[in-house]
Amino acid sequence: MQFPGVLANDDVSLDIRKGEVFALVGENGAGKSTLMNILYGMNAPTTGKVIVKGQEMTRFSPSEAIARGVGMVHQHFMLTPSFTVAQNITLGREPRRGVFSDLKKANAIVEDLVREYGLKVNPADRVDEISVGLQQRVEILKTLHRGADVLILDEPTAVLTPQETDDLFHVIRRIVREKRMTIIIITHKLYEVMAISDRVAVMRAGRLVGVEHTRDVNERALASMMVGREVLLGPMAHPPVVNAEDAPAVTVENVQVLDDRGLPAVRGISFQLRRGEILGIAGIEGNGQSQLVEAVTALRPLRGGDVRIGATSIRGLTPGQVRALGVAHVPEDRLKTGVSAPADVTDNLIVGREKQKQFSLMGVHMKRRAIRRYAQELFSRFDIRGAGVDVPVGSLSGGNMQKVVVAREFAFDTPVLVISQPTRGVDIGAMEAIHQFIMDKRNSGCAILLVSADLDELYRLSDRLLTIYEGRVTGEFIPSAIEKAELSYYMTGGGKEAEA
Amino acid sequence: MNELISIVNLGLFQNTLRTATPVVLCALGCLMTDHVGMMNIGCDGMMLIGAFAAVMGSWVSGSWMVGILFGLMAGLLLGLLYGVFVIKFKSDEFIIGVALNIFAGGLTTFLLRELTGQSGTFHAEGGLSTLPRLQSDWLEQIPVIGQLLNNNTLLVYVAWALVAVCWVVIYRTPFGFWLRAAGEHPQSLRSAGKSPERMKYIASLLCGVLACLSGAHLSLGYLSTFSENMSNSRGFIAVACVIFGRSNPPKVFLAALLFGFIDALGMRLQSLGISSALTATFPYLGTVLMMVLLVWRNDRKKKRLARQTAKA
Amino acid sequence: MKRGHRPDYLLALGVSVGLALLLGAGIMALTGHPPLEGYQLMLQGAFGTPRAIGNTLAKAATLCLTGLATAIAAQAGIFNVGGEGQLYLGAMASAVVGAKLAGLSPWLGVPLALLAAMAAGGVYAWVPAMLKVKLRVNEVITTILLNSAAIYFCTYLTNGPLKTMERGISSGTDAIDPAFMFERLIRRSSLTESIFLTAAIAFLVWYVMRKTTAGFQMKLTGQNGRFAHYSGIRSDRLAVGSMVVSGAICGLVGMFEVFGLHGRFITTVSNEFYYDGMLVAMIVRYNPLGIILMSLFFGAMKIGGSAMELNAGIPSSLVVIIQSIIIFFMAAEQGIVSALRARHAQRKAAQTLRKEAQE
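Notes on the structure follow. Quick caveat: nothing in here was measured; it's all calculated off a predicted structure.

Our focus in this paragraph is the overall build of chain C. Each helix and strand counted, chain C has 13 helices and 0 strands in total. Of the regular secondary structure in chain C, the N- to C-terminal order runs α-α-α-α-α-α-α-α-α-α-α-α-α. Relative to the compact-globule value of 21 Å for 359 residues, chain C shows a C-alpha radius of gyration of 23 Å, a close match. Along the first, second and third principal axes, the C-alpha atoms of chain C reach 90 × 60 × 30 Å.

Right, dumping it as structure tokens:
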């Protein structure tokens, strides 16, 4: 199977052989998903050809791809939440009895699939009531049902626990071996590439950098191909700043928080945060970190326990009141929560300060010139790249948008900073800059709570690490004293939980 | 007290059915578009145009069947218009809905003047061919229920049948699944090889046809003529019923019946001396109350569910 | 409005208006009326005599206020479609106050009536606003339904408990003290002193929306409610507050009608005034300056349209049709433009790639 294709600007040509597991790696925005979307017919290439099993693809649509045996499991599942597993798997080719749909037959089809491929699911379950790992199985079964013998998996392990990831790899190995299927796996997790693939292609900024047999490379080599230079950011200096005699800046005491469905997400977490230190929270997404951060910043009510900023409890306070106590917050979802996309950079930078004396007359009339000057100053101080302070924030790149958020929040000069996923979707240059900003804050005496899914980032920045699993703290560590592998163990329930 | 009881008689329920039917038909159309993710608040305007088209068709040809036909054609055109603007041009569905309502008011008033030289309420010389009533002696004999079900205009029965048909189509046929998927998760439908846009267009057309049909019932079956702005915000009540009934045809039907009941009750209360204008407020206030109760009940249900799962 | 987008938008507006006028001309021709004559009559009807100018300005003032009422709420993300009902209640409240306080000095009576009108409109808007903010009940539907309720209620009051005993008045409440009434500025036109108040309010609304911290926070609330909440902005309060202000302004419009033209509450105190203003606001995307300018244009069309009807028999509902066509085109403008742009960009990209491939 062979497909030369064209992406945005650049020319990509790849050969993928039947019965192999082929990995496609690259940073966010490198173009891997776009390429695969072309193969699956979701987009058409501007120029170039795609040849599947010896036949060129002339029309680009998912039904074309399905007809040729290409199936795709997307990063964000393409499942209709209120439908059952069987309904989702048979969507588009439902078994019928006359005009009506034959749900019994659909369930039977799913049970056959389960038997044939060994992926266990219950056909009658509603998709929005099963776990993420099971949902992914449904997606895979869906493509198999449609007759795929080429399976594209887009970042399949992004939402899985390590156990579920192991299960997935088992399944992949089995269907490749028993059914001679071809698997293309898109990922940016290099250890997975080493674990499961036969060959690997590296993409960068829309171009193909190289294709190798997996046995001929290692993680380091792949990483440098991905970014064109030594990617492993060096360690940062952690000069001692904490004064042990100071009272803690933030006290979190037996905090309990519910999630959106009313189920407990944080089940009794306690810790203290001192000025001049970075406390990192390490955990797989979905174990309560988001809710913890929201509780500390009053974006979510506390079901139990207390959070004190200095000596003041935040129970019953609004986000504005918590900010007034000296807390700034870089949220995990910058587009949804951290900025207003249609507003310009100036507006986004001044929010929170617009009533202050230097920016408004008596808190009412806005002094536009002073505000603009302030925005421009922040723009240059935080190295935001873009056309200027008058453009809508939505037009900036992810990294620069994040810098706007960081600039605004850091410029409040608060004693406490709560930072969540600071470099998600941010290019390497901006990442380095943001890390330096965070470090500078720490060194000037700020108390920083850092939540991140990026272990490298946590190791680089944190003075202390807390591992979190299912809403509880499972361990406290100094980064230099624990290996990543062992930390993962605590992140998945080992430690206190296992002992209990 | 006796007077109150005297209001609650068969006539009250018969009127309930008659008043509710335009809302039912319109609501069925709106719930179609709701399933594909569009809220059509322009259905009130569509109802008005449908009412006008039906009267014109009947007047010009002397047959109510042609009137219905005119109404259906208007429905297709309006559905297409709505679809093109909202789906193809990606306009805000709220703005298009409001524009449609305003357009309908202007268009019907204008055409009424230009085509018939009249304004206000239309008087057809020699009368207007209106919808037939369906009668069955057999039904007449069954006490209460039979008399209730009997002797209604054609579209009332059509509406009941459509409620059932809609339910079956939406929840028991592949087409219905595609419709719901197009609204809930269009990408999942697209990756299955079907076009969500096509589903949306079909839903728009269906909504247009049903809304205009409801207008036809209003003018040819209920009030037996056309008068300016006769839709009287019924389209919005239909939308409220769709929300209240969670886009589920039988539930929406019940909501519409409730509205019809309040409306009919209001008219009956007039016989007790209560001003007609005052009773006219009841359906509207009632619908607002219905919506509030619905949301409040939803909230409590969610909290109860959460408490249960937490305990488990 | 972002600087880069303004020329695009103005062009689109110009094209929409032009196309709509063309279509209007077409409709006129189809129904046997010469279009040029029709539009000429419209212009004359709007600006031909001092009386006409007065009427046009008065109409523009009403449109401007109702448009701004829509805009100030819309900017905060809450859609007040219930202005008509708020207008009625404001008119009723002011009429009652004006009648009951007869004999008081106008310096007391008129401001009190103003307050009554604002309170009535504001409170009636507060209810759906609270329902939206606290219970997430869709405010578009509740406000529309409450409109009908309010209008019927006022009808009931006018023909029932508050019906005036005056001879010769078949429907209406008691007359207000004649000393309270606003003076006409141009004889026999509907332009009254209330226009000065209108101008003041328009300036105030523009100022609040564009120059104050409250307006800034409202704008952000409308753009991204989560972001506003996270930033410490009291978005709930602002949303409700903007709605109440919107209702109060509508109440004032009702009061102006009673105190400027009718001298009492009558059931025809308004004829879709609010919806017309809402239309204007939607067309200009809730930009306050745009509203002020557009209301003049639409006011002229409305008054001119009535003159057209009187003199040439062309129904004034044609004006309504033209207005709705403008909205259709404006609403589609963004979609059409982005679709065209996308296709243009794709074609250019393909061209460049083909050129590169050849080199």
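As a further point, take the interface of chain A and chain B. Listed by partner, the interface residues are 21 residues for chain A and 22 residues for chain B. Elements that contribute at least two residues to the side of chain A that touches chain B include exactly α2 (62-67) and β8 (100-101) of chain A. Sort the elements by how many residues they give to the side of chain A that touches chain B and α2(A) lands first, with 3 residues. Of the residues that constitute the side of chain A that touches chain B, the class distribution is 11 nonpolar, 7 polar and 3 charged.

Moving on, we come to the environment of Ile327(C). Relative to the helices and strands, Ile327(C) resides in helix α13 (residues 317-358). Distance in space between the C-alpha atoms of Ile327(C) and Pro106(C) is 42 Å, their sequence separation being 221 residues. Each residue touching Ile327(C), except ones within four places of it in the same chain, is listed here: Ile95(B), Ala99(B), Leu279(C), Met282(C) and Ile283(C).

Take Arg174(A): it is sitting in helix α6 (residues 162-179). Residues Arg174(A) and Lys32(A) lie 142 residues apart in sequence; the distance between their C-alpha atoms is 25 Å.

A few words now on the nonpolar core. Judged by nonpolar contacts, the single largest core of 363 residues is most densely connected at Ala27(B), Cys212(B), Ala240(B), Cys241(B) and Met92(C). Each of domain 1 (2-227) and domain 2 (250-344 + 401-499) of chain A accounts for three or more of the residues forming this core. In contact with Met92(C), other than residues within four places in its own chain, are Ala120(C), Cys154(C), Leu157(C) and Phe265(C).

Let us now look at the interface of chain B and chain C. Opposite the 37 residues of chain B that make contact, chain C presents 36 residues. Counting residues per element, the ones that place at least two in the side of chain B that touches chain C are α5 (93-116), α12 (234-244) and α14 (276-311) of chain B. Looking at the side of chain B that touches chain C, the element that brings in the most residues is α5(B), giving 13 residues. Grouping the amino acids of the side of chain B that touches chain C by side-chain chemistry returns 25 nonpolar, 8 polar and 4 charged.

The next point concerns the packing of helix α14 (residues 398-410) of chain A against helix α15 (residues 428-443) of chain A. All names here are of chain A. Their axes nearest at 10 Å, the elements α14 and α15 cross at an angle of 10°. Judged on the interaxial angle alone, α15 and α14 are roughly parallel. Contact with α14, carried on its side by Gly 399, Asn 400, Gln 402, Lys 403, Val 406 and Phe 410, involves Ala 430, Ile 434, Phe 437 and Lys 441 of α15 and no other residues of that element. The residue inventory of the contact of α14 with α15, partitioned by class, reads 5 nonpolar, 3 polar and 2 charged.

Each value, and the rule that gives it
Residues numbered from 1 in each chain as written. Chains lettered and ligands numbered in written order. Predicted model: local features only at pLDDT ≥ 70, side-chain atom pairs only at ≥ 80, totals over all residues. Helix = DSSP H or I, 4+ residues; strand = E, 2+ residues; numbered from the N terminus. Rg over C-alpha atoms; globule rule 2.2 N^0.38 Å. Contact = placed C-beta atoms within 7 Å. Nonpolar A, V, L, I, M, F, W, Y, C, P; charged D, E, K, R; others polar. Core = buried A, V, L, I, M, F, W, Y, C linked by C-beta atoms within 7 Å. Buried ≥ 20, exposed ≤ 12 C-beta atoms within 10 Å, placed from the backbone. Domains from an automatic or database assignment. Axes fitted to C-alpha atoms, helices over the stretch in contact; angles between N-to-C directions. Parallel < 35°, antiparallel > 145°, perpendicular 65-115°, else oblique.

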